Amino acid sequence: SLLHEGGLDARGVGRQQLRISAGAALDLEIAADVTGAFSAPDVRAEMAAGADLAELGKVAGEAAGLKTGVRTEGKARIRGRVEAKVPDLRAAPAGMTARADLGLEAADVAAVDGEGRRHEIDRSLSLRLAGSWEAKTSTAVLEALKLEASFLSAEGRGGASIGKEIEIRASSLRVRADLE
């Protein structure tokens, strides 16, 4: 099912809400607050999606006409916030800025082969990505990268400008793996 509610007034101000539901397979909600939509858009949106990986695999496989002997199991959830601003819509994307903070959590992820054998992928997995983009200076910044899984963890941050001057900001990446 799909549900959309919202609108914009004459000043380009409003709220948009979207919900997509496919039973246990997928539940997605997006809410966006908009100001200045017709001249200098400023959008702040939040989203959340949850999925039962077994049910999602069935729906996606049927829709794509796929027939495989492997299926997935587990639960996944994505949450995020995105902000974007364009100071002058007539000059877009020249002054655009964007910021995003996204997180993924998955639990009890496994693959089940055609003979019913369950192969655990991970009991608990989390990923967070946060960053920004500034078009005026062509600057991308990775504010946070954090991955936690049973056999691997990683943390990183950094950035680069590729405008008139090329600049690589102080960056770091640390990865720990348990491959035994």
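Our subject is the structure listed above.
All values reported here derive from a predicted model rather than from experimental measurement.

Parameters and conventions
Residues numbered from 1 in each chain as written. Predicted model: local features only at pLDDT ≥ 70, side-chain atom pairs only at ≥ 80, totals over all residues. Heavy atoms only, no water. Helix = DSSP H or I, 4+ residues; strand = E, 2+ residues; numbered from the N terminus. Rg over C-alpha atoms; globule rule 2.2 N^0.38 Å. Buried < 20%, exposed > 50% of the residue type's maximum accessible area, 1.4 Å probe, protein only. Pairing = 2+ DSSP bridges. Polar contact = N/O pair within 3.5 Å; in protein donor to acceptor, adjacent residues only side chain to side chain. Contact = heavy atoms within 4.5 Å. Salt bridge = Lys/Arg side-chain N within 4 Å of Asp/Glu carboxyl O.

A. Structural detail: the overall build of the protein. For the protein, the count of helices and strands is one helix and eleven strands. Scanning the protein from its N terminus toward the C terminus, one meets helices and strands in the order β-β-β-β-α-β-β-β-β-β-β-β. For a compact globule of 180 residues, the expected C-alpha radius of gyration is about 16 Å, and the protein comes in at 20 Å, more than 25% above that figure. Over its C-alpha atoms, taken along the principal directions, the protein stretches across nearly 60 × 45 × 25 Å. Of all 180 residues assigned to the protein, the portion counted as buried reaches 26%.

B. Representation of the pairing of strand E6 (residues 97–112) in the model. Note: strand E5 (residues 71–85) against E6, 14 bridges, orientation antiparallel. By the bridge assignment for E6, Glu-83 is matched with Arg-99. With antiparallel pairing between neighbouring strands as the criterion, E6 and strand E7 (residues 118–134) make up a hairpin whose turn holds five residues, including Gly-116 at a positive phi of roughly 85°.

C. Quick look at unusual backbone geometry. Here Asp-108, not a glycine, exhibits a phi torsion of approximately 55°, which is positive. Judged by relative accessible area, which is 39%, Asp-108 ranks as partly exposed. The backbone of Ser-138 sits at a positive phi, close to 50°, despite the residue not being glycine. Here Ser-138 is to be found in the loop between E7 and strand E8 (139–148).

D. Seen up close, the side chain of Asp-113. Positionally, Asp-113 belongs in the loop between E6 and E7. Judged by its relative accessible area of 15%, Asp-113 is buried. Of note is the side chain of Asp-113, whose polar atom sits 3.2 Å from the side chain of His-119. Setting aside chain neighbours within four positions, we find Asp-113 in contact with Gly-69, Val-70 and His-119.

E. Structural context of the environment of Ser-171. Inspection of the secondary structure assignment puts Ser-171 in the loop between strand E10 (166–168) and strand E11 (172–177). Discounting chain neighbours no more than four positions away, the residues touching Ser-171 are Arg-157, Gly-158 and Gly-159.

F. Spotlight on the environment of Leu-26. Structurally, the position occupied by Leu-26 is in strand E3 (residues 26–35). Residue classification places Leu-26 among the partly exposed positions, given a relative accessible area of 27%. In sequence terms Leu-26 and Glu-46 are 20 residues apart; their C-alpha atoms lie 17 Å from each other. When neighbours within four sequence positions are excluded, Leu-26 is seen to be in contact with Ile-20, Ser-21, Gly-50 and Leu-56.

G. Molecular detail of the pattern of salt bridges. For the coordinates displayed, the defined rule picks out 19 salt bridges. Its salt-bridge partner being Glu-29, residue Arg-19 comes within 3.6 Å of it at the nearest N-O pair. With a gap of ten residues between them, Arg-19 in strand E2 (residues 14–22) and Glu-29 in strand E3 connect regions that are remote in the sequence. Since its relative accessible area comes to 35%, Arg-19 is described here as partly exposed. Here Glu-29 falls in the partly exposed class, since its relative accessible area comes to 39%. Of the charged contacts, one joins Arg-44 and Glu-83 as a salt bridge, the two residues approaching to 3.3 Å between their closest N and O atoms. One end of the pair, Arg-44, is in strand E4 (residues 42–52); the other, Glu-83, is in strand E5, with 39 residues separating them in the sequence. On the basis of relative accessible area, Arg-44 is assigned to the partly exposed category, the value being 37%.

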